[in-house]
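Summary of structural features
Now for the letters of each chain:
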Amino acid sequence: MSDKKFQTIIDFGFSKIRAGAFDEEGKNNPFFIESDFYTDQSNFKLDIQKIVALLEKSTNEYIDNIDLMVDSSRTISVAISVFKKIEELKLRQDDILFLIQEAKQQILKYYSDYNIAHIIINNYKIDNVDYSELPDEVDCQFISVDIIFICLPSELVLSIKNIFSELNISINQIICSSYAKSINYKNNLDLTGEVSFIDIGFKKTSIISFNNDKLIFLDVLPIGGNHITKDISLLLKIDIDEAEKLKLNFEKNNPQANNPNFSLEMLQKIAFARTEEILELCEKSLVSNTMIKSESKMILMGEGSKILDNKFKDKISFSKDIDFLEETLGDVCQSGYKLRKIYNKQEVVVVPKKQIKQGFFEKLFLFFK
């Protein structure tokens, strides 16, 4: 049995790597660390080595396994409904196992280039009655289950696993970053009703919508904060790293102030124009989903959204009211840790093997391993 006290979460971003080490017994405060911003992804391995070494020094523990948070512009969500006629009238756990396994096999067959990161049960329909949770005991002749699968490209997952394997680090669980963050922030803010999180990353923007505790929509657009940076670089005729600094600090005094191509007004105009485009594409995606009402709340988050805060949102020409959520390093890592640690009634989740008492969904996940 392992005597390790800390569990490590690493958020493998495409512009920054973040990590947190959490005391499983809650006796010590967590340790957090992040890499510098980068536009060149060729030194992933070196950055991870540095972060792991610093965490090992802080925790005084050797890190040989982690939980990994990652996003991709090619992340997909697939909704499936599966059903079964019950012959013995009493609904059993094996009936649910059968249905979810059947749905999982369909995903593996038709989306063979993807790895399943999350399996979320959205609804049980038992003899035409809907349940958000599975009843303990119920007579049943017919059941259908609505399931959402969140999947990451297999190529990406394999390449990341290879990097950590070279460092002798195994990956316990792979977590979709945007999904984990949106659940954490929704719970922290005690949000109910319909709410959509817009997570602007480096090369992608994720849209995650909830109705109370139910995930109803997830989409990913291949456009993000890096597109804003490239616009600034092109129009102001400066290199990409300087453009990134300007994007994140355009309120402050800048060495570019003497550049004939530069003005604060021009910089804001460039940045806000692309941001408006991203938000309009998000709105178009949301409108295409008939389950989402037009008055649903929108919250902007993510590294790529940091050119904005709530005092600048009035400068954005966008039809809907949006709120800006400023994330910290700890917020991001806590999101992955909480999703892994806290039981989610809707999700088939990974649990630590050292946990003795297993609930239904814990057994269910191990059944799929």
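These remarks concern the structure in this document. (Residues numbered from 1 in each chain as written. Predicted model: local features only at pLDDT ≥ 70, side-chain atom pairs only at ≥ 80, totals over all residues. Heavy atoms only, no water.)

On to the sheet that holds strand β4 (residues 65–70), then. Backbone-to-backbone hydrogen bonds join strands into a sheet, with any given pair of strands oriented parallel or antiparallel. With mixed pairing, 5 strands are arranged side by side in an open sheet as β3-β2-β1-β4-β9. If you trace the sheet from one side to the other, it starts and ends with β3 (31–34) and β9 (170–176), each paired once. When the angles between neighbouring strand axes are averaged without regard to direction, this sheet yields 20°. Bridge analysis of strand β1 (residues 6–12) against β4 gives 4 bridges, and the strand direction is parallel. Bridging from a neighbouring strand, I9 pairs with D67 of β4. Lying over the sheet, helix α1 (residues 44–59) contacts β1, β2 (17–23) and β3, oriented at roughly 25° with respect to β2. (Pairing = 2+ DSSP bridges. Helix = DSSP H or I, 4+ residues; strand = E, 2+ residues; numbered from the N terminus. Axes fitted to C-alpha atoms, helices over the stretch in contact; angles between N-to-C directions. Contact = heavy atoms within 4.5 Å.)

Scanning the model with the defined rule gives 10 aromatic pairs in all. Ring plane angle 80° and centroid distance 6.2 Å describe the contact between F12 and F14, whose orientation is recorded as edge-to-face. In this structure F14 comes out as partly exposed when scored by relative accessible area, which is 27%. Aromatic rings pair up to connect F12, F14, F44 and F164 into one cluster. Looking at K84, its charged tip hangs above the ring of F98, at a distance of 4.7 Å from the centre. One cation-aromatic arrangement involves K186 over F210; the distance from NZ or CZ to the ring centre is 5.4 Å. (Phe/Tyr/Trp six-rings, centres within 6.5 Å; stacked < 30°, edge-to-face > 60°. Buried < 20%, exposed > 50% of the residue type's maximum accessible area, 1.4 Å probe, protein only. Lys NZ or Arg CZ within 6 Å of the ring centre and 35° of its normal.)

So, about empty space enclosed by the protein. Across all of its chains, the model carries 3 cavities of 30 Å³ or more by this definition. Around the largest cavity, the lining residues are S15, F37, G201, F202, G225, N226, E244, K247, E303 and G304. Of all the secondary-structure elements, those providing two or more residues to the lining of the largest cavity are α5 (225–236) and α6 (240–248). Broken down by class, the residue content of the lining of the largest cavity amounts to 2 nonpolar, 5 polar and 3 charged. (1 Å grid on protein atoms, 1.4 Å probe; cavity = no way out; pocket = protein on both sides within 12 Å on 5 of 7 lines; lining within 4 Å. Points joined across faces, edges and corners; volume = space filled by probe spheres on them. Nonpolar A, V, L, I, M, F, W, Y, C, P; charged D, E, K, R; others polar.)

To continue, consider the nonpolar core. If you look at soluble globular proteins, the nonpolar side chains tend to sit buried side by side. Grouped together as the largest cluster of nonpolar side chains are 28 residues, with contacts concentrated most on I10, F12, I48, I66, L68, I160 and F164. At the level of elements, β1, β2, α1, β4, α3 (154–166) and β9 are the ones that each hand at least two residues to this core. Leaving out residues up to four positions away in the same chain, I48 has contacts with F12, I17, I163, F164 and L167. Residues I150, I183, L191 and M301 belong to the second largest nonpolar core, which totals 27 residues. (Core = buried A, V, L, I, M, F, W, Y, C linked by side-chain atoms within 4.5 Å.)

Now for the pattern of salt bridges. Following the criterion strictly, the structure yields 18 salt bridges and no others. Put simply, K45 and E166 hold a salt bridge, and the shortest N to O gap is 3.1 Å. Here E166 lies in helix α3 and K45 lies in helix α1, a separation of 121 residues in the sequence. Given a relative accessible area of 33%, K45 falls into the partly exposed group. The exposure class of E166 is exposed, given its relative accessible area of 52%. Of the charged contacts in the structure, one is a salt bridge between D199 and K204, with a shortest N-O distance of 3.4 Å. In this structure, D199 and K204 share a single accessibility class: buried. Ionic contacts of the salt-bridge type, sharing partners, join the residues D71, K181, D199, K204 and E327 into one network. (Salt bridge = Lys/Arg side-chain N within 4 Å of Asp/Glu carboxyl O.)

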